[in-house]
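Coordinates in review
Here is what each chain is made of, one letter per residue.
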Amino acid sequence: MALSVIDLCRDVLPQTNCGDCGYRSCMAFAGMVVSEKLSLENCPHLDAETIQRCSRELEAQYSQGKWLKRDMAEDALFWARQGSAAIDMADLPERIGGKIVERAGQKVLELPYFNDVVHISPEGITKNDGSEITRNEQVFLHIHLARGGSAKPSGNWKSLKEFPNTVSKVVSMNAHVEAPLKEKFSGNPAALAKRAREIGGIDRTGDYGTADLAFLFQVLPRVPVMLVFWDAEPEDGFEAEVRLLFDQTITEHLDIESIMFLSEHLKDLLC
């Protein structure tokens, strides 16, 4: 017999809302047990027999996916894989860069990624050492494969707001990328330069006369990103300023959500 949140709260839990489980009510605790597989043992007021009996019922419904909270990251990865599944691996080096190599008797695409490489095969995407990259990075790379772009970088740099349909994303870019970088490195451009070099950044400060720093990150062979940084000048009332710039061809290779992921991932690597 399946146990819904109501069933669990009404028929199994003590309904005292004591908070001893770490949740404000028995109903809230039941919701976590049913939808996110929280162990019943977190309720200290249930006897061992009840826990054992209910756990068997819960395991049966978990195996069927009944009432479980959707894993949105896994869903995104599934659909991203579907989008790139029909791609001919042999066509990728000419279109997006990289090269076909043999690993463990299988031909895979070796693709430069920041200052490392990843290996892409029908079975998945791994780092050079064989370990898997994160699910979000896999989604990002599958979208890049499926996007269909082939243009080489033009050298014409644009900020996010110069691309269509990015009004709401510009706000997110400021809040989640530029502001944290300003807070982290204001007054300490040397630390930013050091970290940028560590993750493969190429110093291009000489190309930006008024900037204190400019670093080029070759994220993927056809996807460069430029970070430009002006340090704070408190005596003149100027705060630090950060801008991420993208080649005008980037939307051939990534959608806007992927550009945002890339920007936040770069910020995380720098910070």
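Just above, that's the structure.
Here we summarise the structure given alongside this text. Sequence positions are assigned chain by chain, starting from 1 and proceeding in written order. Totals for whole chains, interfaces and linings use every residue, but because this is a predicted model, local features are given only for residues with pLDDT of at least 70 and side-chain atom pairs only at 80 or more, for both listing and counting. Side-chain measures here rest on the full set of heavy atoms in the structure, leaving out hydrogens and waters.

Details of the sheet that holds strand β5 (residues 157-158)
Adjacent strands of a sheet pair through backbone hydrogen bonds, lying either parallel or antiparallel. Note the following rule: Strands pair, by our definition, only if DSSP identifies at least two bridges between them. In DSSP terms, a helix is any run of H or I states spanning at least four residues, a strand is any run of E spanning at least two, and both are numbered starting from the N terminus. We call two residues in contact whenever any of their non-hydrogen atoms come within 4.5 Å of each other. Axis definition: a line fit to C-alpha positions, over the contact stretch in the case of helices; interaxial angles, taken between N-to-C directions, run 0 to 180 degrees.
Read across the sheet, five strands follow the order β5-β9-β8-β7-β6 without closing on themselves; strand pairing throughout is antiparallel. For this open sheet the edge positions go to β5 and β6 (202-203), each flanked by a neighbour on one side alone. Relative to strand β8 (residues 223-230), strand β7 (residues 213-220) runs antiparallel, the two being bridged by seven bridges. Its bridge partner lying in β8, Ala214 is registered against Val228. Seen against the sheet, helix α8 (residues 189-198) touches β6, β7 and β8 and runs at an angle of roughly 20 degrees to β7.

Considering helix α3 (residues 48-63)
As a reminder, the rule being used: Every helix has an expected span of 1.5 Å times one less than the residues it contains. Residue exposure (1.4 Å probe, protein chains only): buried if accessible area is under 20% of the type maximum, exposed if over 50%, otherwise partly exposed. When we speak of the arc, we mean the arc of directions from the helix axis to the C-beta atoms. As used in this structure description, the phrase polar contact means that two N or O atoms lie within 3.5 Å; if the pair is within protein, one of them must be able to donate a hydrogen and the other to accept it, and residues adjacent in sequence are counted only when both atoms belong to side chains.
For α3, with 16 residues, the first-to-last C-alpha span of 22 Å sits near the 22 Å given by 1.5 Å per residue. For α3, every residue scored as buried is listed here: Thr50, Ile51, Cys54, Leu58, Gln61 and Tyr62. For α3, the arc enclosing every buried residue in end-on projection is 95 degrees, short of the 170-degree limit, so these residues lie on one face. For α3, the exposed residues set more than 90 degrees away from the buried face come down to Ala48, Glu49, Gln52, Arg56 and Ser63. Packing partners of the buried residues in α3 comprise α2 (26-36). N-capping of α3 is provided by Asp47, with a side-chain oxygen placed 3.1 Å from the backbone N of Glu49.

Side note on unusual backbone geometry
The phi dihedral of Gln15 is positive, around 60 degrees, even though this residue is not glycine. Relative to the elements of secondary structure, Gln15 occurs in the loop between α1 (5-11) and α2. On the basis of relative accessible area, Gln15 is assigned to the partly exposed category, the value being 45%. In the Ramachandran plot, Asn165 falls in the positive-phi region, its phi being about 60 degrees despite a non-glycine side chain. Along the chain, Asn165 turns up in the loop between β5 and α7 (167-185). Exposure remark for Asn165: the relative accessible area of 75% places this residue in the exposed category.

Quick notes on the pairing of strand β3 (residues 116-121)
Among the six residues that make up β3, five are buried, leaving the element largely enclosed by the rest of the structure. Pairing of strand β2 (residues 106-113) with β3 involves five bridges; the strand directions are antiparallel. Opposite Pro112, over in β3, you have Val117 as the bridge partner. The hairpin turn running from β2 into β3, its antiparallel successor, is two residues long, and Phe114 in that turn takes a positive phi close to 55 degrees. Summarising the sheet, β3 and strand β4 (residues 124-127) pair through four bridges and their orientation is antiparallel. Bridged to Ile120 within β4 is Ile125. Between β3 and β4, which follow one another and run antiparallel, lie two residues.

Looking at empty space enclosed by the protein
Left-over empty space is what a probe sized like a water molecule reveals as it rolls over the atoms. Quick reminder of the rule: The pocket and cavity definitions rest on a 1 Å grid over protein atoms only: a 1.4 Å probe that fits but cannot leave marks a cavity, an open set with protein on both sides within 12 Å along at least five of seven lines marks a pocket, and residues lining either have an atom within 4 Å of a point. Grid points are joined across faces, edges and corners, and a volume is the space filled by probe spheres set on the points. When residues are sorted by character, Ala, Val, Leu, Ile, Met, Phe, Trp, Tyr, Cys and Pro go into the nonpolar class, Asp, Glu, Lys and Arg into the charged class, and all the rest, Gly among them, into the polar class.
Scanning all chains against the criterion turns up one cavity of 30 Å³ or more. Looking at the largest cavity, its volume works out to about 70 Å³. Lining the largest cavity are 14 residues, and of these Pro14, Cys18, Cys21, Cys26 and Cys43 sit closest to its centre. Each residue belonging to the lining of the largest cavity can be placed in one class, and the counts come to nine nonpolar, four polar and one charged.

Some remarks on the pattern of salt bridges
For clarity, the threshold we go by: For salt bridges, the criterion is a side-chain nitrogen of Lys or Arg within 4 Å of an Asp or Glu carboxyl oxygen.
Considering all chains together, one arrives at eleven salt bridges under this definition. The shortest N-O distance in the salt bridge between Glu241 and Arg243 comes to 3.2 Å.

Notes on the packing of aromatic side chains
Definition in use: For Phe, Tyr and Trp, where Trp contributes only its six-membered ring, two rings pair if their centres lie within 6.5 Å, and the inter-plane angle classes them as stacked under 30 degrees, edge-to-face over 60, or tilted in between.
A complete count under the given rule lists four aromatic pairs for this structure. Geometrically, the ring pair formed by Tyr113 and Phe140 is tilted, given 6.5 Å between the ring centres and 40 degrees between the ring planes. Here Tyr113, found in strand β2, pairs with Phe140, found in helix α6 (residues 135-147); they are 27 residues apart in sequence, far enough to count as distant. When its relative accessible area of 7% is taken as the criterion, Tyr113 is described as buried. Look at Phe140 and Phe261: their rings are 5.4 Å apart centre to centre, the planes differ by 45 degrees, and that puts the pair in the tilted class.

Examining the nonpolar core
Here is the rule we go by: Within this scheme, the nonpolar core is defined by two criteria: the residues are buried Ala, Val, Leu, Ile, Met, Phe, Trp, Tyr or Cys, and they are joined through side-chain atoms within 4.5 Å.
If you look at the biggest cluster of nonpolar residues, it comprises 45 residues, and the most contacted ones within it are Phe217, Leu227, Phe246, Leu262 and Leu270. At six residues, helix α10 (residues 256-270) tops the list of elements feeding residues into this core. Discounting chain neighbours no more than four positions away, the residues touching Leu262 are Phe114, Phe140, Val219, Val223, Val225, Ile250 and Leu254. Grouped together as the second largest cluster of nonpolar side chains are 19 residues, Leu13, Leu40, Cys43 and Tyr62 included.

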